[in-house]
Amino acid sequence: MSILNIQNASKTYGSGHTQVTALKTTQFSAEKGELIAVIGPSGSGKSTFLTIAGGLQNPTNGSVLINGQEVTKLGERKRSMIRLKEVGFILQASNLVPYLSVDNQFRLLDKVKKGNMNQQEKAQLLKQLGIENLTKKYPADLSGGEKQRVAIAKALYTNPSLILADEPTASLDSNRAFEVIKMLAQETKEKNKATIMVTHDNRLTKYCDKVYTIVDGGLSLVSDNLQIRP
Amino acid sequence: MFLAWNEMKSAKLRFLLIIGVLTLMTYLVFLLSGLANGLAEMNREAVDQWKADAIVLTDESDMNLSQSSMTLHEAQRISAEHKAEIAQILAVARKSGTKIKESVAITGIHKDQFLMPNVSEGRSFRGDHEVIADDSLKADGLKLGDRLTISSSEQKLVIVGFTKKAKFNAAPVLYTTIATVQKIKYGKTDTSDKGIINGVVIRDPYFTKIKVPSSFKLTPIEPFIEHMPGYTPQKISLDFMIYFLFVIVSVTIGIFLYVLTIQKVSIFGVMKAQGISSLFLIRSVIAQTFLLALFGVCAGFILTAVTGAFLPSAVPIQLDIPALIGYGAIFIFVAALGSLFSVQTIVKIDPVQAIGG
């Protein structure tokens, strides 16, 4: 079973003459253990794709299944629960709560959801990301890169089956960016997750199993490393 | 509670200011309630001391004791087991040889009936012209043995004792014999059947069974107090101010939290995108209001207690702790009600917009 399955989904805004197609009719699936990159310029429909994939909004037509559950048929409350349980977002705008220390960011997730990482896994995660000494700090005291890494840790902490990342390496230097991607790839493989990241950084695609481009709302597969590899 | 508390810790100044406003409002509510209480007490404390259940006055008097008059014969015919005859005249008493003047309610009673007050200082009146005075008069410079000249009367009175809590419609009471009151009122005493008094006070929980002639009216004690000149308008005005303050509190904290919520729309949006429910966020806003109001009420309470300890006795503020606790609880409740303004905003936040989708 695919972790994410998008069938005949399209998204249009407005109607009649002013109708805008943000996402053309799309077929897409992400399997366990796949790290997928979606590359496109800004305004291409990347964000629309990501929000539909994550069950944040419904497509105009078609359906979206996350781990077999058809989220397009659910109300906001149920979708919200599925997002909490199944999806980890790494957002471009830092998704940290400004008045919580790094440690409390994780405690907040413990308050709203069970089945998060245990202390040992969490310590290992923070170490991998190089943020183990920042736990007492508030987001305002962190650099852009540190914030991004905390955001990544936060997304992984809830053990989601689907990770959706919007420019996860935007504010990281090259070395750190490669490290983060390697870590995401490793996490994806080891724990059988599916990770989709939207990026414009072509250097990162070599770590990805599949690479899509998106132009004017049309999604197309450009390389499938899984098939190239022996 | 987790989000609420951590946010308050990280933005101390902002939340201290809000608590400051709530503290001042609580303080005002508490002082007003104390004032309402104190003013009510000034009107009714003498009547409360009587521990009476009802009073018989003439129908004509419209429940006004000094306007009612009946003969002793009529009074004696009222068939109640525990009853006490009362005569009263409102007058101005002047301490002889000085300019100290005071409006007083000179009240004639029988020593052997239940209206007789407990003497806290000095002794009881033995004959006519001797009075037991309300001890609030001591603050005005009156003491045992002082002679009093009564306005519009040749009669001189002498203070032989003091009693506590004896104000009738804000006037200190001078308890004396019925004959003395008659002397001041009519120039002569008349203790025969035809002698005039003002009314009969009844101590009997089953007073409704007592029959009185049609020209008389049996009034339960509470409406009698409420009918005192000024008592009800005063009480209603102060109560209205207190209730209105509660509305202001609710709206004020509502505005504060609404503005704070608007500021947090994007971060709430991100949290909703992550799957944190609106309910969790709403709960945290209400919890925050609860904490703010609780701190405000506690600080207001301390401030009120300190004020109460230093208040001069001339200020008619009486703090009633159970009433203050009640008002404090209402205060916290209406504050929480105010936070509900923000609920709709939180529910409407669209996570897609919040993350720039």
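Keep in mind that what you see is a predicted model, and the values were worked out from it rather than measured.

Caption draft 1: Geometry of the overall build of chain A. Counting its secondary structure elements, chain A contains seven helices and 10 strands. Its C-alpha atoms give chain A a radius of gyration of 17 Å, within 12% of the compact-globule value 17 Å for 230 residues. Projected onto its principal axes, the C-alpha positions of chain A cover 55 × 40 × 35 Å. Contacts in chain A between residues at least 24 apart in sequence constitute 68% of all its contacts with a sequence separation of at least 6.

Caption draft 2: Spotlight on the overall build of chain B. Assigned secondary structure in chain B consists of 11 helices and 13 strands. Computed over the C-alpha atoms, the radius of gyration of chain B is 29 Å, more than 25% above the 21 Å expected from 2.2 N^0.38 for a compact globule of 357 residues. Dimensions of chain B, computed from the C-alpha atoms along their principal axes, are close to 100 × 45 × 25 Å. Expressed as a percentage of the 357 residues in chain B, the buried residues total 41%. Long-range pairs, those at least 24 residues apart, make up 82% of the contacts in chain B with a sequence separation of at least 6.

Caption draft 3: The arrangement of the interface of chain A and chain B in detail. Taken together, the contacts link 23 residues of chain A with 21 residues of chain B. For the side of chain A that touches chain B, the secondary structure elements donating two or more residues are α1 (46-53), α2 (76-86) and α3 (102-112) of chain A. No other element matches α2 of chain A, which puts five residues into the side of chain A that touches chain B. When grouped by side-chain class, the residues that make up the side of chain A that touches chain B number 13 nonpolar, seven polar and three charged.

Caption draft 4: How the structure looks around the sheet that holds strand β5 (residues 69-70) of chain A. Residues and elements named next belong to chain A. The sheet built from four strands is open, its strands ordered β2-β1-β4-β5 with antiparallel pairing. The sheet terminates laterally at β2 (20-30) and β5, the two strands that pair on one side only. Looking at chain direction, strand β1 (residues 4-13) and strand β4 (residues 61-66) are connected through five bridges and run antiparallel. Following the sheet pairing, S10 is matched in β4 by N61.

Caption draft 5: Quick look at the domain arrangement of chain B. When the domains of chain B are assigned, the result is domain 1 (2-43 + 232-354) and domain 2 (54-204). Inter-centroid distance (C-alpha atoms) of domain 1 of chain B to domain 2 of chain B is 48 Å.

Caption draft 6: View of the environment of L72 of chain B. All names here are of chain B. On the secondary structure map, L72 appears in helix α3 (residues 72-77). In the structure, L72 is positioned 281 residues away from Q353 in sequence and 87 Å away in space, judged by C-alpha atoms. Beyond its immediate sequence surroundings of up to four residues, L72 is in contact with E85, D193, G195 and I197.

Caption draft 7: Main features of the packing of α3 of chain A against helix α5 (residues 144-157) of chain A. Residue and element names in this part refer to chain A. Relative orientation of the contacting elements α3 and α5 amounts to 25 degrees, with a least axis distance of 10 Å. Classified by the angle their axes make, α3 and α5 are roughly parallel. For the pair α3 and α5, the sense of crossing is right-handed. Two secondary-structure elements touch here, α3 through V102, Q105, F106 and L109 and α5 through V150, K154 and Y157. Counted by class, the contact of α3 with α5 contains five nonpolar, one polar and one charged residues.

Caption draft 8: Region of the structure containing the pairing of strand β12 (residues 199-202) of chain B. All names here are of chain B. Across the two faces of β12 the burial is the same, with G199 and V201 and V200 and I202 all buried. As judged from the three bridges shared by strand β1 (residues 54-58) and β12, these two strands associate in the antiparallel manner. Pairing of V56 across the sheet is with V200, part of β12. Direction of pairing for strand β3 (residues 83-95) relative to β12: antiparallel, over a ladder of four bridges. If you follow I86 over to β12, its bridge partner there is G199.

Caption draft 9: Structural context of the nonpolar core. Counting residues in hydrophobic clusters, the biggest one holds 98 residues, and the most contacted among them are V38, A53, A153 and L164 of chain A together with F331 of chain B. Among residues more than four places away in sequence, those in contact with V38 of chain A are K46, F49, I196, V198, Y212 and I214 of chain A.

Caption draft 10: How the structure looks around the sheet that holds strand β3 (residues 35-39) of chain A. Residues and elements named next belong to chain A. The sheet built from six strands is open, its strands ordered β6-β7-β8-β3-β9-β10 with mixed pairing. The open sheet has two edge strands, β6 (87-90) and β10 (218-224), and neither has a second partner. Direction aside, the axes of adjacent strands within the sheet are offset by 20 degrees on average. Pairing of strand β9 (residues 210-215) with β10 involves six bridges; the strand directions are antiparallel. By the bridge assignment, I214 is partnered in β10 with L219. Here α5 sits on the sheet and contacts β6 and β7 (162-166); the angle it forms with β6, its principal contact strand, is near 175 degrees.

Caption draft 11: Summary view of helix α4 (residues 119-129) of chain A. Residue and element names in this part refer to chain A. Those residues of α4 that sit buried are L125, L126 and L129. In an axial view of α4, the angular spread of the buried residues amounts to 95 degrees, which keeps them on one side of the axis. For α4, the exposed residues lying more than 90 degrees away from the buried face are Q120, Q124 and K127. Structurally, α4 contributes buried residues whose contacts are with α5. Looking one or two places after α4, you find G130, whose phi comes out positive at around 70 degrees.

Caption draft 12: Molecular detail of the environment of N169 of chain B. As for its position among the elements, N169 of chain B is in the loop between β9 (167-168) and β10 (171-177). If near-sequence neighbours (up to four positions away) are discounted, N169 of chain B is found in contact with N43, A105, M228 and P229 of chain B.

Criteria and thresholds
- Chains are numbered independently. Their residues run from 1 in the order of the written sequence.
- Naming scheme: in the order in which they are written, chains are lettered from A and ligands are numbered from 1.
- pLDDT decides what is reported in this predicted model: residues at 70 or higher carry local features, side-chain atom pairs at 80 or more are listed and counted, and totals for whole chains, interfaces and linings draw on all residues regardless.
- For helices the rule is a DSSP run of H or I covering at least 4 residues; for strands it is a run of E covering at least 2, with both sets numbered from the N terminus onward.
- The globule rule is 2.2 Å times the number of residues to the power 0.38, and the radius of gyration it is compared with is taken over C-alpha atoms.
- Residues are scored as being in contact if the C-beta atoms we place from backbone atoms lie within 7 Å.
- As a rule, residues whose C-beta atom has 12 or fewer other C-beta atoms within 10 Å are exposed, those with 20 or more are buried, and those in between are partly exposed; C-beta atoms are placed from the backbone.
- Note on residue categories: nonpolar means Ala, Val, Leu, Ile, Met, Phe, Trp, Tyr, Cys or Pro, charged means Asp, Glu, Lys or Arg, and polar means any other residue, Gly included.
- DSSP calls a pair of strands paired once it identifies at least 2 bridges connecting them.
- These domain limits were set by an automatic method or by a database of domain assignments.
- To obtain an axis, a line is fitted to C-alpha atoms, over the contacting stretch when the element is a helix, and the angle between two such axes runs from 0 to 180 degrees between their N-to-C directions.
- Throughout this description, any angle smaller than 35 degrees is read as roughly parallel, any larger than 145 degrees as roughly antiparallel, any in the 65 to 115 degree range as roughly perpendicular, and the remainder as oblique.
- The crossing is said to be left-handed when, going from far helix to near helix, the turn is anticlockwise and less than a right angle, and right-handed when the turn is clockwise.
- Nonpolar cores are built from buried Ala, Val, Leu, Ile, Met, Phe, Trp, Tyr and Cys residues. These are joined into a set through C-beta atoms within 7 Å.
- The arc under discussion is defined with respect to the helix axis, by the directions toward the C-beta atoms.

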